[in-house]
Protein chains: 2
Amino acid sequence: MTSIKDVARDVEMSTATVSRALRGLAGVSEETRERVMESARRLGYVPSPSAAGLASGQTRTVAVIVPRVTQWFFAALVQGAEEVLRERGYDLLLYNLAGDPSARHRVFETSLLTKRVDAVLILSLKPSPDELERLSRLGRPVTIIGADMPGWATVRIDDHEAAATATQHLVDLGHRCIAYLGGATEGVLDFTAPSARLAGYRCTLEGAGVALRAELEEDGEFTVAGGQRAARQLLGLEVAPTAIFAASDEMAIGALRAARELGVRVPEDLSVIGIDDHEMATYFDLTTVAQPVHEQGRVAATQVLAALTDDDWKPEQVILPTQLVVRGTTAQPRT
Amino acid sequence: MTSIKDVARDVEMSTATVSRALRGLAGVSEETRERVMESARRLGYVPSPSAAGLASGQTRTVAVIVPRVTQWFFAALVQGAEEVLRERGYDLLLYNLAGDPSARHRVFETSLLTKRVDAVLILSLKPSPDELERLSRLGRPVTIIGADMPGWATVRIDDHEAAATATQHLVDLGHRCIAYLGGATEGVLDFTAPSARLAGYRCTLEGAGVALRAELEEDGEFTVAGGQRAARQLLGLEVAPTAIFAASDEMAIGALRAARELGVRVPEDLSVIGIDDHEMATYFDLTTVAQPVHEQGRVAATQVLAALTDDDWKPEQVILPTQLVVRGTTAQPRT
DNA sequence: ATGAAAGCGCTAACAA
DNA sequence: TTGTTAGCGCTTTCAT
């Protein structure tokens, strides 16, 4: 394996100069740089990240912690982040928790990350106080996507507003009996979205003078299957809703499925709206509040890299815009 | 940052012994091992992967190269692989090509991989001869998922058989005018599946004494949108097919969408079958030939790690079974 | 069972 | 602009 020494010998220079030339640092004559580059190419030289990391303390690697890559939403975030990282020459170390509590424990507690990565990207997970403590002890930039944590660098949408937009759309159509499909609003595995979206739903209904009914708020676990189960429940109510606002498109898709099962026509008998603009949303003709998923991944990666290079960097809370996308699953209630 | 030296000093031993004790190597007294462990814990010692990598030449990291994480199929493979890697203490470096040719070029050509990972997992990509050449020069274990490449370690399903099963299902139902939705069967971006599935389709039709019609074979690009476009085309034919076999569930979903658009009823006027058993398949009530996606990721990771540890390891071609899953999108043709 | 010592391949501070 | 010289924090012979 050819090392920097081989290149140095080849161009008859010190390894220091070769290192500088290869990394594009200042203080190297143009001629030298070219000779070094040419030699490196000719000899097939590839730098050793381990050696560079050991000597410099920088790994040019970013850890991305994701709840579950198989969910389109998280995968899209990862993809956005990966693009930016790659462009800037950083590698992406993927930690997929996939619902395994021990995996989460290991990543955070046993400081797997120490000395291994330059920065950390946390996708749609709300770290516990203990985990936050460990993260800050890491002494490395951390950006969190989808959480509202003052003092930390975060990227998210305005969940309250997004939910309000969705609910208002239903209200504007004339619906008064509107159910909510959400998820757990507390617990370690929670993130900001569920509670903020629930609040947005409630506020809007109250603003419209509609009384809240506890039995119209169901837990759909943010999955298709959970949404289907919860919607089945809702549609079986004595006073069934004429519309369902699901806090995620996957739950909304589950609701559509439940409606079909029960012979409830959409949008004639039931309107359904989600949040996300999932890649499949268009194929279900689902009305939704779109959020820039891919872009959030990009912004988060950009932010965390900025923290690595800018000296006067301080954590920012970035909020990206959402947009109502009206498709075919919402309509006026039958009179 | 506490290093191995600090621990050595603390237990009044050499760093060599501490290193051995920490890694569970033989030749360390039980008492010493316990003292070392305790001290390491107390001092909050975390080993440096860079240093270990530099000294040992092993990074305990595996590169996973994936065409596009946002596609459920690939994400599920990644998740399967990640589980196994994590269990065994390996990290996963994700390279997402996402259709960016320069990304692919960079990963393979500029040997981003050299000195960085112990092994490589390639998901559903058929490396070009040039890329194969580079991979073998890596001198590291490589496992390829979804390709049929004798001499290399591969994990896949029998694509020919899967396609035959799907086609035969339609034939058995009485269909004679069966269209095929596939993808490019050549080019660098191709993998084994498209051509093998097309062949399985053709063989089965011929076996059933049904004449092939070129206009019934369409390119759906293995995406929902592509499938929809291609199916629209097929359904507009003068002699339109009574059934469509899509080589992937995503294309099948596109076909369902096209049928709905055109007022073609499924399964009354048109039967649709896919391959994969995509997570959404059940919500579309899609008949399909299921393949063990997650499991293929696990097997591939297990295989590549075995190569790392077993001395007498040689590349194996693993083929995992598929299974017909009949749901509601296939039925007898109307007479 | 343990230790001494020589690197692994690079970066960075200091000199020249 | 370039070179010299120490390491970075481990692992791994080779001794003992």
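Reading the values: the criteria
- Throughout, a residue's number is its position along its own chain's written sequence, starting from 1.
- Chain letters and ligand numbers both follow the written order, the letters beginning at A and the numbers at 1.
- Given that this is a predicted model, residues contribute local features only at a pLDDT of at least 70 and side-chain atom pairs are listed and counted only at 80 or more, while totals for whole chains, interfaces and linings are drawn from all residues.
- Values reported for side chains reflect all heavy atoms of the structure, with hydrogen atoms and water molecules removed beforehand.
- A run of H or I in DSSP counts as a helix once it spans at least four residues, and a run of E counts as a strand once it spans at least two, with each numbered from the N terminus.
- For every residue, the accessible area obtained with a 1.4 Å probe (protein chains only) is divided by the maximum for its type, and the residue is called buried under 20%, exposed over 50%, and partly exposed between those limits.
- Residues enter a nonpolar core if they are buried and are Ala, Val, Leu, Ile, Met, Phe, Trp, Tyr or Cys, with the set joined through side-chain atoms within 4.5 Å.
- Any pair of residues with heavy atoms lying within 4.5 Å of one another is described as a contacting pair.
- We call a residue near a given molecule or strand whenever any one of its heavy atoms falls within 4 Å of it.
- The definition of a polar contact used here is a pair of N or O atoms within 3.5 Å, where within protein one atom must be able to donate a hydrogen and the other to accept one, and adjacent residues in sequence count solely through side-chain atom pairs.
- For two strands to pair, DSSP has to find at least two bridges joining them.
- Axis definition: a line fitted to C-alpha atoms, limited for helices to the stretch in contact. Angles are taken between N-to-C directions and run from 0 to 180 degrees.
- We call a pair of cysteine sulfur atoms a disulfide whenever their separation is within 2.5 Å.
- Within this document, salt bridges are pairs made up of a side-chain nitrogen of Lys or Arg and a carboxyl oxygen of Asp or Glu, the two lying within 4 Å of each other.
- Handedness is read with the strands pointing away from the viewer; a crossover is right-handed when the path from the first strand over the helix to the second is clockwise.

## Notes on unusual backbone geometry
Trans is the common state for peptide bonds, and a negative phi is the common state for residues other than glycine.
Residue and element names in this part refer to chain A.
So, point 1. P267 follows V266 through a cis peptide bond whose omega is 5°.
So, point 2. Here P267 lies in the loop between α11 (249-261) and β9 (271-276).
So, point 3. You will see that E221, though not glycine, has its phi angle at about 55°, which is positive.
So, point 4. With a relative accessible area of 44%, E221 lands in the partly exposed category.

## So, the nonpolar core
Soluble, globular proteins show a tendency: their nonpolar side chains are buried together.
So, point 1. Core analysis: the largest hydrophobic core is formed by 88 residues, its most contacted members being A:F245, A:M280, B:F245 and B:M280.
So, point 2. B:F245 has contacts with B:A163, B:A166, B:T167, B:L170, B:I178, B:A179, B:Y180, B:L181, B:R197, B:Y201, B:I273 and B:I275, leaving out every residue within four places of it along the chain.
So, point 3. In terms of nonpolar packing, the next biggest core, distinct from the first, is built from 58 residues, A:L94, A:V293, B:I145 and B:V293 among them.

## What about the protein's contact with DNA strand C?
So, point 1. Near DNA strand C you find 26 residues, and of these A:I4, A:S19, A:Y45, B:S14 and B:T32 are the closest.
So, point 2. Sugar plus phosphate: this is where 68% of the atoms of DNA strand C within 4 Å of the protein reside.
So, point 3. A distance of 2.8 Å is found between a base nitrogen of DNA strand C and a side-chain nitrogen or oxygen belonging to B:R20.
So, point 4. B:A55 is positioned with one of its backbone polar atoms (N or O) 3.3 Å from a base oxygen of DNA strand C.

## Topic: the protein's contact with DNA strand D
So, point 1. Close to DNA strand D lie 26 residues, the nearest being A:S14, A:R20, A:T32, B:I4 and B:S19.
So, point 2. If you look at DNA strand D and keep only atoms within 4 Å of the protein, 69% of those are sugar or phosphate atoms.
So, point 3. Within the contact set of DNA strand D, a phosphate oxygen lies 3.0 Å away from a side-chain nitrogen or oxygen of A:T17.
So, point 4. B:S19 is positioned with one of its side-chain polar atoms (N or O) 2.3 Å from a phosphate oxygen of DNA strand D.

## Here we look at the environment of B:R232
All names here are of chain B.
So, point 1. Within the secondary structure layout, R232 lies in helix α10 (residues 224-235).
So, point 2. Taking C-alpha positions, R232 is 7.9 Å from L262, a pair spaced 30 residues apart along the chain.
So, point 3. Discounting residues that sit within four places of it in the chain, R232 has contacts with A258, E261 and L262.

## Re the sheet that holds strand β8 (residues 243-246) of chain B
Residue and element names in this part refer to chain B.
So, point 1. Strand order in the open sheet formed by six strands is β7-β6-β8-β9-β10-β12, with mixed pairing between adjacent strands. The strands lining the two open edges of the sheet, one partner per strand, are β7 (217-219) and β12 (323-325). Averaged over neighbouring strand pairs, the angle between their axes works out to 20° when direction is ignored.
So, point 2. Bridging between strand β6 (residues 178-182) and β8 involves four bridges; their strand directions are parallel. Across the sheet, residue I178 finds its bridge partner in β8, namely A243.
So, point 3. Where helix α9 (residues 192-207) meets the sheet, it contacts β6, β7, β8 and β9 (271-276), and its direction lies at approximately 170° from that of β6.

## A few points about the state of the cysteines
All names here are of chain A.
So, point 1. Scanning the entire structure with this criterion turns up zero disulfides over all chains.
So, point 2. Between C177, a free cysteine, and C203, which holds the nearest cysteine sulfur, the sulfur-to-sulfur gap is 19 Å.
So, point 3. Residue C177 is classed as buried on the basis of its relative accessible area of 14%.

## Overview of the pattern of salt bridges
So, point 1. In total, this model carries 40 salt bridges over all chains according to the counting rule given.
So, point 2. Here A:R232 and A:E261 are joined by a salt bridge, their closest N and O atoms 2.8 Å apart. One end of the pair, A:R232, is in helix α10 (residues 224-235); the other, A:E261, is in helix α11, and 29 residues separate them in sequence.
So, point 3. Residue A:E261 is classed as partly exposed on the basis of its relative accessible area of 40%.
So, point 4. Ionic pairing is found between B:R197 and B:D159, a salt bridge with its closest N-O pair at 2.8 Å. Of this pair, B:R197 sits in helix α9 while B:D159 sits in helix α8 (residues 159-173), and the two are 38 residues apart along the sequence.
So, point 5. Relative accessible area serves as the criterion here: at 5%, B:R197 is assigned to the buried category.
So, point 6. Overall, B:D159 belongs to the buried group, its relative accessible area being 3%.
So, point 7. Linked by salt bridges that have partners in common, A:D10, A:E38 and A:R42 make up one network.

## Things to note about the pairing of strand β4 (residues 142-145) of chain B
All names here are of chain B.
So, point 1. Neither face of β4 is open: one carries V142 and I144, the other T143 and I145, and all of them are buried.
So, point 2. Of the strand pairs in this sheet, strand β3 (residues 119-123) and β4 are connected by four bridges, and their pairing is parallel. From the neighbouring strand, L123 faces β4, where its bridge partner is I145.
So, point 3. Taking the sense of rotation as the criterion, the β-α-β connection linking β3, helix α7 (residues 129-138) and β4 turns out right-handed.
So, point 4. Two strands pair when backbone bridges link them, and β4 and strand β5 (residues 153-157) are joined in this way by three bridges, in the parallel orientation. Along β5, the bridge assignment pairs I144 with T154.

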